[in-house]
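Survey of secondary and tertiary structure
As a plain string of letters, each chain reads:
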2 protein chains.
Amino acid sequence: MASIKDVAAEAGVSVATVSRVLNDHPSVSADARTRVLAAVEALGYRPNAVARSLRTDQTHTLGLVISDVLNPYFTELARSVEEEARALGYSVIIGNADERPDLQDHHVRNLLDRRIDGLLVSPTDGGSPLMLDAARAGTPMVFVDRWIPGVDVPVVRADGRAAVRDLVAHLHGLGHRRLAIIAGPAATTTGRERVEAFREALAACGLDLPDAYIGQGDFQAESGRRVTEGFLDLAEPPEVVFAADNLMALGALDAVRARGLRVPDDLALAAFDDIPWFVHTDPPITAIAQPTGELGRAAVRALVERIEGRPGESVTLPARLVVRRSCGENPTPVQRSTS
Amino acid sequence: MASIKDVAAEAGVSVATVSRVLNDHPSVSADARTRVLAAVEALGYRPNAVARSLRTDQTHTLGLVISDVLNPYFTELARSVEEEARALGYSVIIGNADERPDLQDHHVRNLLDRRIDGLLVSPTDGGSPLMLDAARAGTPMVFVDRWIPGVDVPVVRADGRAAVRDLVAHLHGLGHRRLAIIAGPAATTTGRERVEAFREALAACGLDLPDAYIGQGDFQAESGRRVTEGFLDLAEPPEVVFAADNLMALGALDAVRARGLRVPDDLALAAFDDIPWFVHTDPPITAIAQPTGELGRAAVRALVERIEGRPGESVTLPARLVVRRSCGENPTPVQRSTS
DNA sequence: CCTCCTCGTGGAATCGATTACATCGACTGG
DNA sequence: CCAGTCGATGTAATCGATTCCACGAGGAGG
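The shown structure was predicted, so the numbers you read here are calculated from the model rather than taken from an experiment.

Quick notes on the rules
Counting from 1, residues in each chain are numbered in the order their sequence is written. Going through the entries in the order they are written, you letter the chains from A and number the ligands from 1. With pLDDT at 70 or above as the cut-off, local features in this predicted model cover only qualifying residues; side-chain atom pairs require 80 or more to be listed or tallied, and sums for whole chains, interfaces and linings still use all residues. Side-chain measures here rest on the full set of heavy atoms in the structure, leaving out hydrogens and waters. Secondary structure elements are taken from DSSP: a helix is a run of H or I of four residues or more, a strand is a run of E of two residues or more, and numbering for both begins at the N terminus. Given a helix with a known number of residues, its expected span is that number minus one, times 1.5 Å. Only protein chains enter the accessibility calculation, which uses a 1.4 Å probe; a residue is then buried when its area is under 20% of its type maximum, exposed when over 50%, and partly exposed in between. Contacts are residue-level and defined by heavy atoms, with any inter-residue pair within 4.5 Å sufficient. UniProt positions are given in the numbering used here, feature names are shortened, and annotations may be inferred rather than shown by experiment. Boundaries of every domain are those given by an automatic assignment or by a domain database. Note: buried area is the sum, over both parts, of the accessible area (probe 1.4 Å) each one loses when the two are combined. Between Lys or Arg on one side and Asp or Glu on the other, a salt bridge is scored when a side-chain nitrogen of the former is within 4 Å of a carboxyl oxygen of the latter. Between N or O atoms, a polar contact is any pair within 3.5 Å; within protein, one atom must be a potential hydrogen donor and the other a potential acceptor, and residues adjacent in sequence are included only when both atoms are from side chains. Asp, Glu, Lys and Arg are counted as charged, while Ala, Val, Leu, Ile, Met, Phe, Trp, Tyr, Cys and Pro are counted as nonpolar; the rest, among them Gly, fall into the polar class. Near is defined per residue: the residue qualifies when any heavy atom it owns lies within 4 Å of the molecule or strand. The aromatic pairing rule takes the rings of Phe, Tyr and Trp, using the six-membered ring of Trp, and pairs them if the centres are within 6.5 Å, calling planes under 30 degrees apart stacked, those over 60 edge-to-face and the rest tilted. Put simply, a charge is over a ring when the Lys NZ or the Arg CZ is close to the ring centre, within 6 Å, and near the line of the ring normal, within 35 degrees. Superposition of the copies used a least-squares fit over C-alpha atoms from residues whose pLDDT is at least 70 in both.

Next up on the list: helix α10 (residues 221-233) of chain A. Residue and element names in this part refer to chain A. For α10, spanning 13 residues, the distance from its first C-alpha to its last is 19 Å, which sits close to the expected 18 Å at 1.5 Å a residue. By the burial criterion, the buried members of α10 are Ser223, Gly224, Val227, Thr228, Phe231 and Leu232. Contacts from the buried residues of α10 go to β6 (179-183), β7 (214-216), β8 (240-243) and α11 (246-258).

Printed below as a string of structure tokens:
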């Protein structure tokens, strides 16, 4: 593959001049410029990004470490991150942690070794020493969706509190009183937060959340199935199950089906995170939708701010309730778009 | 960030020795080794992958350019590619082409500039000059799912012919006679092939495929909707629609719903590509399932073979029919696993 | 005891770019 | 007419690794 030296030789100039032309530095004669451009064309020369990065100490690459690519929420997030990054002149390397802290560390280390300019993370756990060190060492970093408390890093996320309140009000309005939740891992902020929001919303309706109605899931479908089976085995099973993410909702749906029961007649179902498929399930699933695309874009913008030396702001956007049929029929739709 | 020089200074040896320790070269004394390792530990040194790549001309990185990340089929493919690559010591940079040839070219160019060791592509179109040049120039390359005819590059894909035959037989057995297809772009091999397989399978049942029953889609949901509306407006609408991918099936489902019609009573529906959600749609959708994970792994293995100088084999795996309820109820399941 | 290998090590070239500094010619203004 | 300036260009250092080659010490064999 042709290098800058070959181009210089072909054009009859020095490598410095070639470099100047390529980075359109002002002081190059029109003559030299055309000769260089012609040589570039003739040789099919493309600058070696590796060499350039070594010299300039910039890779124009962002790392994105997410917890589960197969989760449509994160897929959409990844997509919007890549789009915004591309618009700003960056590439993205995605690392899939599969909800496993060891894999997450593997990816963070790998990305750091590759000298990415900045790191976007949705941490699976409370924070590996590796990531904390990186943050402390000054690696530009932004948390998206989930975060690690006590680390001085901007956080871009959705606030689901209002939407959860709307959801519980909706459920209460439909006459449901025994509400259960399939929680995410306590090690994640979203895992904890959603339970808390749910508990508070219940309290506002005068209901409480017994321990038996809190099932411990791990954001994967299988755990949703398992927890739901546990709920159904209770002496007094809940009337509604709220899954803290879409995959666990899927597992819950499976579990209900497997028993020959029906949603919402035998058990109502709602989920955090809305995805296109929820419109088409049987029945369509009531969900809390995050502004995923906007989250991804805001996260990239914050990260690029940091990279370029500016502070980089935390952003919190509201989620909103989308009512469908999985919690029971109600002629009056409670589709409030919360502020 | 500490460099190899800092480590050498700290350990009181030369950089050459440090490098030898790090690449466990045999001729290093035990004493030097421990001193170097201690220095590495003390400084928290991590080798700079950029510098290493420049020198060795290897990035241990594969590029994967897919047509649409939001399509669960490709998401799963990407995941299995990343897993297998990681197992073999490679990282993966994913480029999302969004079915747009210009974006595809952008990613290919970007990946080439970054000097990835090999390229995995599922081309959106018949082949940009850029990609053909890269292949001719000897960039290790493998096509996955889709390919470009006449290019000497291994192809890893699923053969759906047998499964399509099974599907048509199943539909014929249910009494359907007017079968239509929502085709993918003619520029893609999978787009063309699936139509051909469908036509042949129909012929085997003594049916033919009128032009009016071939709708031109682009593998995106919206096109499935549009084409299905066209079918429903026909004087003699089809009884079954076969969508050449899962997103177009989703669009078709939407279109049917929007008219207040029902699947399968008013229009039966089947799709190429099976995804977890098809179990949960209303009704569950009959689909042709590709061995996606195996495809991804085989593609990576073939690519790594090429990178390491060996030939690298093309692989074709069978797809299989998964019967659900979207084509009508039939007590006898035709769930044949084809050879 | 000398020669020859082997082993461990360091010096320095190298990969392909960017960029500070030096140089040189032409032009301008006093 | 000469000093000073400016624009275009080249030379060489540099980024952080790998690796070829040379060198010295020590052991084996004649």
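Within this numbering scheme, the UniProt entry marks residues 2-56 of chain A as carrying the feature "domain: HTH lacI-type" (unreviewed entry). This span, residues 2-56 of chain A, is 69% helix and 0% strand, and a straight line between its end C-alpha atoms measures 21 Å.

This next bit is on the domain arrangement of chain A. Residues and elements named next belong to chain A. Assigned domains of chain A: these are domain 1 (4-47), domain 2 (59-157 + 292-317) and domain 3 (159-290). Relative placement of domain 2 and domain 3: their C-alpha centres are 28 Å apart. Taken together, the contacts link 19 residues of domain 2 with 17 residues of domain 3. Of the roughly 1,400 Å² buried at the junction of domain 2 and domain 3 (both faces included), carbon and sulfur atoms supply 46%. Seen at the junction of domain 2 and domain 3, the total is two salt bridges. Of the charged contacts, one joins Asp145 and Arg194 as a salt bridge, the two residues approaching to 4.0 Å between their closest N and O atoms. The tally of links from domain 2 across to domain 3 stands at eight residue pairs in polar contact (both at pLDDT 80 or more). Listing elements by their share of the side of domain 2 that touches domain 3, those giving two or more residues are α5 (72-87), α12 (292-307) and β11 (315-318). Across the side of domain 2 that touches domain 3, the residue classes break down as seven nonpolar, five polar and seven charged.

Moving on to the protein's contact with DNA strand D. The environment of DNA strand D is made up of 26 residues, and the closest members are A:Arg20, B:Ile4, B:Ser19, B:Asn48 and B:Arg55. Near-protein atoms of DNA strand D (within 4 Å) split between backbone and bases, with sugar and phosphate holding 55%. Residue B:Ala51 places a main-chain N or O atom 3.4 Å away from a base nitrogen belonging to DNA strand D. Counting residues per element, the ones that place at least two in the surface near DNA strand D are α2 (15-22) and α4 (49-56) of chain A together with α1 (4-11), α2 (15-22) and α4 (49-56) of chain B. The element best represented in the surface near DNA strand D is α4(B), accounting for five residues. Residues of the surface near DNA strand D, tallied by class, amount to eleven nonpolar, nine polar and six charged.

It is worth spelling out the packing of aromatic side chains at this point. Under the criterion given, the structure shown has eight aromatic pairs over all chains. An angle of 85° between the planes, with centres 6.4 Å apart, marks the rings of A:Trp277 and B:Phe278 as edge-to-face. Remark: B:Phe278 occurs in the loop between β9 (268-272) and β10 (286-289) and A:Trp277 occurs in the loop between β9 (268-272) and β10 (286-289); the pair is interchain, linking two chains. Take A:Trp277 and B:Phe278: they sit in the same class, and that class is buried. With a centroid separation of 5.2 Å and an interplanar angle of 35°, the aromatic rings of B:Phe198 and B:Phe242 are classed as tilted. With B:Phe198 in helix α9 (residues 189-204) and B:Phe242 in strand β8 (residues 240-243), this pair connects stretches of sequence that are 44 residues apart. Judged by its relative accessible area of 0%, B:Phe198 is buried. The class of B:Phe242 is buried, set by a relative accessible area of 0%. In this structure, A:Arg194 packs its charged tip against the face of A:Phe272, placed 3.8 Å from the ring centre.

Time to look at the relation of the copies chain A and chain B. Overlay of chain A on chain B (RMSD 0.1 Å): rotation 180°, translation along the axis 0.0 Å. Both copies are brought into coincidence by an operation consistent with a two-fold rotation axis. Residue A:Thr281, judged by its C-alpha, is the member of chain A lying nearest the rotation axis, at 1.9 Å. Interface overlap between copies: 100% of the residues of chain A at the interface are likewise at the interface in chain B, consistent with a symmetric, same-surface contact.

Let's shift gears to the interface of chain A and chain B. Every contact between the two is made by 49 residues of chain A and, on the other side, 49 residues of chain B. Both sides together, the interface formed by chain A and chain B hides about 4,200 Å², and carbon and sulfur atoms give 58% of it. Taken as a group, A:Arg115, A:Trp277 and A:His280 account for 19% of the area that chain A buries against chain B, more than any other trio of residues on that side. Scanning the region where chain A abuts chain B turns up four salt bridges. Between A:Asp98 and B:Arg79 there is a salt bridge, with its nearest N and O atoms 2.9 Å apart. Summed over the shared surface of chain A and chain B, the result is 22 residue pairs in polar contact (both at pLDDT 80 or more). Of all the secondary-structure elements, those providing two or more residues to the side of chain A that touches chain B are α4, α5, β2 (91-96), α6 (101-113) and α11 of chain A. For the side of chain A that touches chain B, the class distribution of residues is 20 nonpolar, 14 polar and 15 charged.

Attention now moves to the pattern of salt bridges. All names here are of chain A. Scanning the entire structure with this criterion turns up 48 salt bridges over all chains. Linking Arg146 and Asp145 is a salt bridge whose minimum nitrogen-to-oxygen distance equals 3.8 Å. Here Glu222 ties to Arg225 by a salt bridge, and the two come within 2.9 Å at their closest N and O atoms. Of the two residues, Glu222 and Arg225 are both situated in helix α10; the distance of three residues between them amounts to about one turn of the helix. Given the relative accessible area of 47%, Glu222 is considered partly exposed. Connected through salt bridges with shared partners, the residues Glu84, Glu294, Arg297 and Arg301 form a single ionic network.

As a further point, take the protein's contact with DNA strand C. Residues in close proximity to DNA strand C total 26 residues, the closest being A:Ile4, A:Ser19, A:Arg55, B:Thr17 and B:Arg20. Taking the atoms of DNA strand C that fall within 4 Å of the protein, sugar and phosphate contribute 58% of them. A:Tyr45 places a side-chain nitrogen or oxygen 2.7 Å from a phosphate oxygen of DNA strand C. At 2.9 Å, a backbone N or O of B:Ser14 approaches a phosphate oxygen of DNA strand C. Counting residues per element, the ones that place at least two in the surface near DNA strand C are α1 (4-11), α2 and α4 of chain A together with α2 and α4 of chain B. When residues of the surface near DNA strand C are assigned to their parent elements, the largest contribution, five residues, is made by α4(A). Looking at the surface near DNA strand C, its residues break down into eleven nonpolar, nine polar and six charged.

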